[in-house]
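Chain by chain, the residues run as shown.
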Amino acid sequence: MRPLDFPNNIQIQTTSFCNASCGFCPYPETSRSLPMGTMDEALFRTIVDQLPGRGVVLLQPFLMNDPLMDKQIVPRLAYMKARVPEARLNITTNGALLRPAVVRELARLDLDSIHVSSNGLTPETYRATMGLDADEVLANVNHLADALRAAGSRTRLIVTALLLKQNRDEIFLARDYWRARGVEFFLNPLNDRAGNLGGGRFDAMLPFDEDVNRRQLLHYDMSGCPNLYAFLGILFNGDLVTCCMDWRRTLVLGNAREQSLADLWHGHAYASMRELSDTGRLGERELCRRCGENRFSIDQASLDDLVARSGGAEEGCDAPSASVRVARHLSAVQAQEPETFKLNLIRPGSGERVSGSGAHEGASR
């Protein structure tokens, strides 16, 4: 498979810091063991100045971080928009730093979209899932929604959530809350970030009862990966990583301080990884092999079976289990608005393994 002449999907980590402590994210651990920092302006501009006219479709100034931790993120967004106007420019944030001054500037920038990672409504659930103040974040995001409308902005404001055991009893209330305010809402599945969620953390967050959870873990065949042919991820220090799953920086493919992006993209390190992918041997790399493991994806037949087995509770029998309650909600939303579900949260068929072609579809930060 031939790579694109130049990557069309680029993420730039302008800072490596995040202000949340999400249980579903490796950051709380990796931030204590790896060098951290903020990209200097010279390197940032050197990178962005290589992008105009190169066919970049999607440009995202975040990668394994919260972009609002970069105090220069607003002028940097403005610079990217001016230099690469043909690209869709997006950010994903937890919303805690959407202060009034930042909101005003974001409303003026007219980005393609702003995604807010939000995993609950109540203070208790917010603390349990993200370590943040729910009231503060909800107020910030509502303020942003109002500011975008007042400015006549074309920016899509999207709240995304993971389906977790810790938020399963209020996640559909969160959906209704945001939809009532004219904010898009998507629900995504959990994965263990290529094995980077250890110590039983992943299992403890799966939303159903244990016996049901085990049957919903999908394993991708990671003998090959499309990211190697179209995606470029650049860390704060200029290092290039294969993808957003490389939290521990195990597969660094060069540095943007030392070579041009085009030379790196067509260089030996990338060519070696693509050769493994082309010959079906990418699983020889531990990160890539583990990327295909432990991806929670609900089989439609299992969902239907759970709902069917809950019928007795409607007639005054024992109250349905948490798994059944969640299954009912999922089934109802699936029938009415299937576009709510993203990243293969509910899949139409069953099977132990699927092609690696979708392994990174819409991968989040």
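Small disclaimer: the values here were computed from a predicted structure and weren't measured. (Residues numbered from 1 in each chain as written. Predicted model: local features only at pLDDT ≥ 70, side-chain atom pairs only at ≥ 80, totals over all residues. Heavy atoms only, no water.)

Run through the overall build of the protein, naming residues and quoting values.
From N to C terminus, the protein includes 14 helices and 14 strands. Along the first, second and third principal axes, the C-alpha set of the protein runs to 70 × 50 × 35 Å. A burial count over the protein gives 53% of its 365 residues as buried. Sequence separation of at least 24 residues holds for 77% of the intrachain contacts in the protein that already meet a minimum separation of 6. Surface accessibility of the protein: about 15400 Å² in total, with carbon and sulfur atoms responsible for 49%. (Helix = DSSP H or I, 4+ residues; strand = E, 2+ residues; numbered from the N terminus. Buried < 20%, exposed > 50% of the residue type's maximum accessible area, 1.4 Å probe, protein only. Contact = heavy atoms within 4.5 Å. Areas by Shrake-Rupley, 256 points an atom, 1.4 Å probe, with all protein chains shown as cover.)

Give me the lowdown on helix H4 (residues 100-109), citing residues and values where you can.
Of all the positions in H4, only Val 103, Leu 106, Ala 107 and Leu 109 are classed as buried. Take H4 and look down its axis: the buried residues cluster within an arc of 160°, on one side only. Directly after H4, the chain includes Asp 110, whose backbone phi takes a positive value near 60°. (Arc of directions from axis to C-beta.)

Describe in detail the packing of helix H2 (residues 41-48) against helix H3 (residues 73-83), supporting the description with residues and values.
Closest axis-to-axis distance for the H2/H3 pair is 10 Å, and the angle between their directions is 25°. By the angle between their directions, the pair H2 and H3 is classed as roughly parallel. The crossing of H2 and H3 is right-handed. Contacts between H2 and H3 involve Glu 41, Phe 44, Arg 45 and Val 48 on the former and, on the latter, Arg 76, Tyr 79, Met 80 and Arg 83. Among the residues making up the contact of H2 with H3, the classes are represented as four nonpolar, no polar and four charged. (Axes fitted to C-alpha atoms, helices over the stretch in contact; angles between N-to-C directions. Parallel < 35°, antiparallel > 145°, perpendicular 65-115°, else oblique. Left-handed = near helix turned anticlockwise from the far one by under 90°. Nonpolar A, V, L, I, M, F, W, Y, C, P; charged D, E, K, R; others polar.)

How would you sum up unusual backbone geometry? Please name residues and give values.
Phi is positive for Asn 294, which is not a glycine, with a value near 55°. Secondary-structure assignment places Asn 294 in the loop between helix H12 (286-291) and strand S11 (295-296). For Leu 343, which is not glycine, the phi dihedral falls at a positive 55°. You can see Leu 343 is positioned in the loop between helix H14 (322-336) and strand S13 (346-347).

Hey, could you go over the sheet that holds strand S4 (residues 113-117) for me, with residue numbers and the actual values?
Note: strands within a sheet are paired through backbone hydrogen bonds, in either parallel or antiparallel orientation. Ordered by their spatial adjacency, nine strands build an open sheet running S6-S5-S4-S3-S2-S1-S8-S9-S10, and the pairing between neighbours is mixed. Since the sheet does not close on itself, it has two edges, and those belong to strand S6 (184-188) and strand S10 (252-255), each with one partner. With direction set aside, neighbouring strand axes in the sheet form an average angle of 25°. Pairing of strand S1 (residues 9-12) with strand S2 (residues 58-60) involves three bridges; the strand directions are parallel. From the neighbouring strand, Asn 9 faces S2, where its bridge partner is Leu 58. (Pairing = 2+ DSSP bridges.)

Describe in detail helix H11 (residues 268-278), supporting the description with residues and values.
Buried residues of H11: Tyr 270, Met 273, Arg 274, Leu 276 and Ser 277, and no others. Summarising the axial view, the buried residues of H11 lie within an arc of 155°, below the 170-degree limit, and thus occupy one face. Where H11 is buried, its residues touch strand S8 (231-234), strand S9 (239-241), S10, helix H10 (261-265) and H12. Following H11 by one or two positions, Gly 280 has its phi on the positive side, about 70°.

Tell me what's going on with the packing of aromatic side chains, and back it up with residues and numbers.
All chains considered together, the criterion is met by four aromatic pairs. Taken together, a centroid distance of 6.1 Å and an interplanar angle of 55° make the contact between Phe 44 and Tyr 79 tilted. With Phe 44 in helix H2 and Tyr 79 in helix H3, the pair connects residues that are 35 residues apart, well separated along the chain. Like Tyr 79, Phe 44 is buried. Of note, Arg 274 hangs over the ring of Trp 265, and the distance from its end group to the ring centre comes to 4.4 Å. Positioned above the aromatic ring of Phe 186 is the side chain of Lys 342, whose terminal nitrogen or guanidinium carbon lies 4.3 Å from the ring centre. (Phe/Tyr/Trp six-rings, centres within 6.5 Å; stacked < 30°, edge-to-face > 60°. Lys NZ or Arg CZ within 6 Å of the ring centre and 35° of its normal.)

Coordinates in, geometry out; function isn't part of it.
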